[in-house]
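One letter stands for each residue in the lines below.
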Amino acid sequence: MNRRGQAVLVYLYPFKTKRGRPKKYPDEIILTLLFLQVAWNLSFRDLEYLAVQIFGRENIPDFSTYYYRLKQLPSILLVDFLNFVSRRLLGKYHKELRFLIIDGTGFKYNEIYPLKILRGKEIKEVKSHVKVVVLSVHLKDGKRFILTALPGESYASEVKLGEKIVRWLNERGFIWRALKGKPFLGDKAYDSIKFIELVLLVGLKPYIKVRETLRKGIKSEIRLKCKELLESDEIYRFRGLIESIFGEVKQDVGSYERTKSFHIAQLFVLAKFILFNMGVLFFVWMIFQTLSSMQ
């Protein structure tokens, strides 16, 4: 936010002038509370109590004001924050980069118990979850971090979200140069000619599993290229490593968002992946541990 000056105002009010009563609590405080809430999986009331103990009553809004301010924050702000952190990591580790993996996952919100008892087709009728497509970077020493992530509505197309992510790579010069020629791993969900063309356009090698049956072979040259890459190299066997990231995030900070609002659930999900990247940078987790010891 300091780097961009009036970043939040630009996100919130792109076509409006700055009018009205000034905010009592700056956006930096709201984002800090968001990360604390996600890191410790707190309710809104519990967050207010904890924040008052740490920062003082005069510096912290009540939980209803905080909830209202969250609803005004656009999810693209946190996507940009995640990209900002990942660029710092990429600048540090780009020489050790081995491959990238793309995959999607879901985070529940609002309704937790029905998803535990419904089966089969019934689950498809439940709309209370956030779909997020994540692009992860994996290094030679086993370290990994999130390059970017994009949330969508329940059962949103992973391919369309993935296309937006790949286009973003092509728009960022430094990122494009650092990733050029690296393997790009994806499962059958990304077996789309348009998506594979975009991956090739940004200079990546598409190790994407293609659908093939005995009756229906592969005719497209682009899809045949993917099959040849998979057969010529065993690197695709590492595609499951992104599942370990999902498992670690959900185990550490939860897979259920304690809110009834889809918009706020998106913010919580993005904050979890930002915290994962900051964990790679170490310093934020050290701050959280220091604050925990003060309680």
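Refer to the structure printed above.
Residues numbered from 1 in each chain as written. Predicted model: local features only at pLDDT ≥ 70, side-chain atom pairs only at ≥ 80, totals over all residues. Heavy atoms only, no water.

## Some details on the pattern of salt bridges
Pairs may arise between side chains of opposite charge once their charged atoms sit close together. Under the defined criterion, the tally for this structure stands at 13 salt bridges. Here glutamate 234 and arginine 237 are joined by a salt bridge, their closest N and O atoms 3.9 Å apart. The exposure classification of glutamate 234 matches that of arginine 237, with both residues exposed. Between glutamate 257 and lysine 272 there is a salt bridge, and its shortest N-O distance comes to 2.7 Å. Within this pair, whereas glutamate 257 is found in strand S6 (residues 256-257), its partner lysine 272 is found in helix H13 (residues 262-281), the two being separated by 15 residues in sequence. For the pair glutamate 257 and lysine 272, a shared accessibility class is recorded, and that class is buried. A single network of salt bridges, built from pairs that share partners, joins Asp103, Asp187, Arg239 and Glu243. (Salt bridge = Lys/Arg side-chain N within 4 Å of Asp/Glu carboxyl O. Buried < 20%, exposed > 50% of the residue type's maximum accessible area, 1.4 Å probe, protein only. Helix = DSSP H or I, 4+ residues; strand = E, 2+ residues; numbered from the N terminus.)

## Some remarks on the pairing of strand S1 (residues 97-109)
Of all 13 residues in S1, ten are buried; the element is thus mostly enclosed. When S1 meets strand S2 (residues 129-139), the two strands line up antiparallel, connected through eleven bridges. Looking at S2, one finds that leucine 97 is bridged to leucine 139. Taken together, the two bridges between S1 and strand S4 (residues 183-186) define a ladder with parallel strand orientation. Bridge pairing in S4 places isoleucine 101 opposite leucine 185. (Pairing = 2+ DSSP bridges.)

## A short note on the packing of helix H10 (residues 193-201) against helix H11 (residues 221-232)
Across the interface, H10 lies against H11 with an axial gap of 9 Å and an inter-helix angle of 65°. The orientation of H10 with respect to H11, classified from their angle, is roughly perpendicular. Where H10 crosses over H11, the handedness of that crossing is left-handed. Residue-level contacts link Ile193, Ile196, Glu197 and Leu200 of H10 to Ile222, Arg223, Lys225 and Cys226 of H11. The residue makeup of the contact of H10 with H11, split by class, is five nonpolar, no polar and three charged. (Axes fitted to C-alpha atoms, helices over the stretch in contact; angles between N-to-C directions. Parallel < 35°, antiparallel > 145°, perpendicular 65-115°, else oblique. Left-handed = near helix turned anticlockwise from the far one by under 90°. Contact = heavy atoms within 4.5 Å. Nonpolar A, V, L, I, M, F, W, Y, C, P; charged D, E, K, R; others polar.)

## Thoughts on the side chain of arginine 223
Tracing the backbone through its elements, the reader meets arginine 223 in helix H11. Using a relative accessible area of 14% as the deciding quantity, one classes arginine 223 as buried. Of note is the side chain of arginine 223, whose polar atom sits 2.9 Å from the backbone oxygen of arginine 211. Dropping the residues within four chain positions of it, arginine 223 is found in contact with Asp191, Ile193, Ile196, Val210, Arg211 and Ile218. (Polar contact = N/O pair within 3.5 Å; in protein donor to acceptor, adjacent residues only side chain to side chain.)

## Describing empty space enclosed by the protein
Scanning the entire structure with this criterion turns up one cavity of 30 Å³ or more. When residues of the lining of the largest cavity are traced back to their parent elements, those giving at least two are helix H2 (27-40), S6 and H13. Two domains each donate at least three residues to the lining of the largest cavity, and these are domain 1 (20-71) and domain 2 (75-113 + 125-266). (1 Å grid on protein atoms, 1.4 Å probe; cavity = no way out; pocket = protein on both sides within 12 Å on 5 of 7 lines; lining within 4 Å. Points joined across faces, edges and corners; volume = space filled by probe spheres on them. Domains from an automatic or database assignment.)

## Brief notes about the pairing of S2
Within S2, eleven of the eleven residues are buried, which leaves it mostly tucked inside the rest of the structure. Neither face of S2 is open: one carries His129, Lys131, Val133, Leu135, Val137 and Leu139, the other Val130, Val132, Val134, Ser136 and His138, and all of them are buried. Pairing of S2 with strand S3 (residues 144-152) involves eight bridges; the strand directions are antiparallel. The residue of S3 that forms the bridge with valine 133 is leucine 150. Here S2 folds back onto S3 in antiparallel fashion, the turn holding four residues, of which glycine 142 has a positive phi close to 95°.

## So, the packing of H2 against helix H3 (residues 44-55)
Two packed helices can be described by the angle between their axes and the distance between those axes. Where H2 contacts H3, the two axes come as close as 10 Å, and the packing angle between them is 115°. For the crossing formed where H2 meets H3, the hand is right-handed. Side by side, H2 and H3 meet where Thr32, Leu33, Leu36, Gln37 and Trp40 of the first sit next to Phe44, Leu47, Leu50, Ala51 and Phe55 of the second. Partitioning the contact of H2 with H3 into residue classes produces eight nonpolar, two polar and no charged.

So far we have only geometry, and geometry alone does not tell us how the molecule works.
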